[in-house]
Amino acid sequence: MASTDVTEAKPASRNRPDARSEPLPELARARAWIVTDGKAGDENQCVGIAETLGVAFEIRKVPASGPFGWMAPWGPIDPREGPRRRAGALAGPYPDILIASGRRSVPYLRAVRRATGGRTFTAFLKDPRTGEDSADFIWVPDYDDLRGPNVFTTLTAPHLVTAARLAAARARPDPRLAQLDRPRVAVLVGGDSRHLSYRKTDMVRLVGDLRSLGDKGCRLMVTISRRTPDPLRNAVKALTAETGGFLWDGTGENPYVAMLALAEAIVVTSDSANMVSEAVATGAPVLLFDLPRTYIRHRRMFAGLAIAGALRPFTGQLADLSYKPIDATPVIAQALATAYAAHRTADHA
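Conventions and cut-offs
Residues numbered from 1 in each chain as written. Predicted model: local features only at pLDDT ≥ 70, side-chain atom pairs only at ≥ 80, totals over all residues. Heavy atoms only, no water. Core = buried A, V, L, I, M, F, W, Y, C linked by side-chain atoms within 4.5 Å. Buried < 20%, exposed > 50% of the residue type's maximum accessible area, 1.4 Å probe, protein only. Helix = DSSP H or I, 4+ residues; strand = E, 2+ residues; numbered from the N terminus. Contact = heavy atoms within 4.5 Å. Polar contact = N/O pair within 3.5 Å; in protein donor to acceptor, adjacent residues only side chain to side chain. Pairing = 2+ DSSP bridges. Axes fitted to C-alpha atoms, helices over the stretch in contact; angles between N-to-C directions. Expected span 1.5 Å × (residues − 1). Salt bridge = Lys/Arg side-chain N within 4 Å of Asp/Glu carboxyl O. Parallel < 35°, antiparallel > 145°, perpendicular 65-115°, else oblique. Nonpolar A, V, L, I, M, F, W, Y, C, P; charged D, E, K, R; others polar.

1. Focus: the nonpolar core
Alright, step 1. L177, I266 and V276 are the most contacted members of the largest nonpolar core, which totals 35 residues.
Alright, step 2. Of all elements in the fold, only α4 (163–171), β7 (184–189), α8 (256–262), β10 (265–269), α9 (273–280), β11 (286–289) and α10 (296–307) reach the threshold of two or more residues within this core.
Alright, step 3. Top element by residues in this core is α8. It accounts for 6 residues.
Alright, step 4. Apart from residues lying up to four places away in sequence, L177 is in contact with R184, M221, F246, P255, A258, M259 and L262.

So, in structure tokens, the structure goes:
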């Protein structure tokens, strides 16, 4: 059974470029928990919302494996992680706000609602698969089917690539990237998942299209995933070296936000809706490398971004796209804050 990780509270800091300088009045003294099984995509979305709200928060990680994880989201929590335990995912005084994501966190959100009699305001990011009444506030992307009076939707997903972080990265550019000639193109490469796998033809096509950019004088700034297949990883690494670009190999500070901030264009593979959401927050042209088995619901999001003028298919060419940065994070945070204020008013009535 995976051990539970309880992270120390993180206050909203005026020194962090992403934190609100003044939390909304109803949130000024609020304490929050972020509850996930540690999956980076889920946790980053929750952290992005909490930081935008400006609330102090703790990260509570629930077990990611074992029979209780298998039964989620419908089953019970692991009793060793329950509210009455001195240690575990739900130990300590209950928060004012609980923000959760990922199916394994649903039973734990449900347990806190039950233990507090609904006093803790619960928010869930993405479809909990247990109905719209599973939390006080639910966010889902527009392409999802879940709807209800407490369900809020946006075209893109919440994330950590805020306008303030991008501005800070541009003000003090990463020297590893600033030395590259222009135009600089950020390349965000995903990898295999249970829904999709890269075929040899996909890898050859992607590397060939990226080589076309390199031949035109573009300098590639590449980041790859732990899920990226080894043949693609090796080919992209060799291409980046040949064309005078930069590939982050996991050493040194992660330059992900810096890559996005300094890019004249961004190439992103279609296996990750999260990466696309982060890319369009920059205002730079986004070039989507389409994989044939891309999740059909993600295609709806990509179509919406294309209509907004932010995204075009990647075919080895740059595109001249002009649009205002698209960032759903502050929009979702404001909707959550409004729902929290209404919850507090009803609770005190």
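2. Things to note about the side chain of D37
Alright, step 1. In this fold, D37 is placed in the loop between β1 (31–36) and α1 (40–53).
Alright, step 2. Residue classification places D37 among the buried positions, given a relative accessible area of 17%.
Alright, step 3. Among the polar contacts listed, one links the side chain of D37 to the backbone nitrogen of K39, at a separation of 3.1 Å.
Alright, step 4. Separated by 2.6 Å, the side chains of D37 and R104 make a polar contact.
Alright, step 5. When near neighbours in sequence (up to four residues on either side) are disregarded, D37 contacts V62, P63, A64 and R104.

3. Side note on the sheet that holds β7
Alright, step 1. Strand order in this open sheet of 6 strands is β9-β8-β7-β10-β11-β12, and the pairing throughout is parallel. Of all strands in the sheet, those with a lone pairing partner are β9 (246–247) and β12 (311–313), marking the two edges.
Alright, step 2. Running at roughly 170° to β10, α9 makes contact with β7, β10, β11 and β12 of the sheet.

4. Things to note about the pairing of β10
Alright, step 1. With 5 of 5 residues buried, β10 lies mostly within the body of the structure.
Alright, step 2. Every second residue of β10 is oriented toward a common face, with A265, V267 and T269 on one face and I266 and V268 on the other, all of them buried.
Alright, step 3. Summarising the sheet, β7 and β10 pair through 4 bridges and their orientation is parallel. Its bridge partner lying in β10, V185 is registered against A265.
Alright, step 4. Pairing between β10 and β11: 4 bridges, direction parallel. For V268, the partnering residue across the bridge sits in β11 and is L288.

5. Notes on the environment of H348
Alright, step 1. Following the sequence through the fold, H348 ends up in helix α11 (residues 329–348).
Alright, step 2. Classification of H348 as exposed rests on a relative accessible area of 56%.
Alright, step 3. As for H348 and L146, which are separated by 202 residues in sequence, their C-alpha atoms are 30 Å apart.

6. Considering α11
Alright, step 1. When the terminal C-alpha atoms of α11 are compared, their 29 Å separation across 20 residues agrees well with the 28 Å that a helix rising 1.5 Å per residue should span.
Alright, step 2. Turning to α11, its buried residues number three or more, namely T329, I332, A333, A335, L336, A337, Y340 and H343.
Alright, step 3. Where α11 is buried, its residues touch α1, β3 (97–101), β4 (121–125), β5 (137–141) and β6 (151–154).

7. Re the pattern of salt bridges
Alright, step 1. Taken as a whole and judged by the stated rule, the model has 18 salt bridges.
Alright, step 2. We note a salt bridge from R31 to E58, for which the minimum N-O separation is 4.0 Å. Here E58 lies in strand β2 (residues 56–61) and R31 lies in strand β1, a separation of 27 residues in the sequence.
Alright, step 3. Here E58 falls in the buried class, since its relative accessible area comes to 15%.
Alright, step 4. For the salt bridge of D202 with R199, the shortest nitrogen-to-oxygen distance reads 3.0 Å.
Alright, step 5. A relative accessible area of 36% means that R199 is categorised as partly exposed.
Alright, step 6. Here the residues in one salt-bridge network are R31, E58 and R60, joined through shared partners.

8. Observations concerning the packing of helix α6 (residues 200–215) against helix α7 (residues 230–242)
Alright, step 1. Remark: α6 packs on α7, axes separated minimally by 10 Å, with the N-to-C direction vectors making an angle of 10°. On the basis of their axis angle, the class for α6 and α7 is roughly parallel. Counted together, M203, L206, V207, L210 and R211 of α6 and P231, L232, A235, V236, L239 and E242 of α7 form the full contact between these two elements.
Alright, step 2. Partitioned by chemical class, the residues of the contact of α6 with α7 number 9 nonpolar, no polar and 2 charged.

9. Observations regarding the sheet that holds β1
Alright, step 1. Strand order in the open sheet formed by 6 strands is β2-β1-β3-β4-β5-β6, with parallel pairing between adjacent strands. Edge positions in the sheet fall to β2 and β6, since each has one partner strand and no second. Averaged over all pairs of adjacent strands, the angle between strand axes in this sheet comes to 20°, irrespective of strand direction.
Alright, step 2. Where helix α3 (residues 106–116) meets the sheet, it contacts β1, β3 and β4, and its direction lies at approximately 165° from that of β4.

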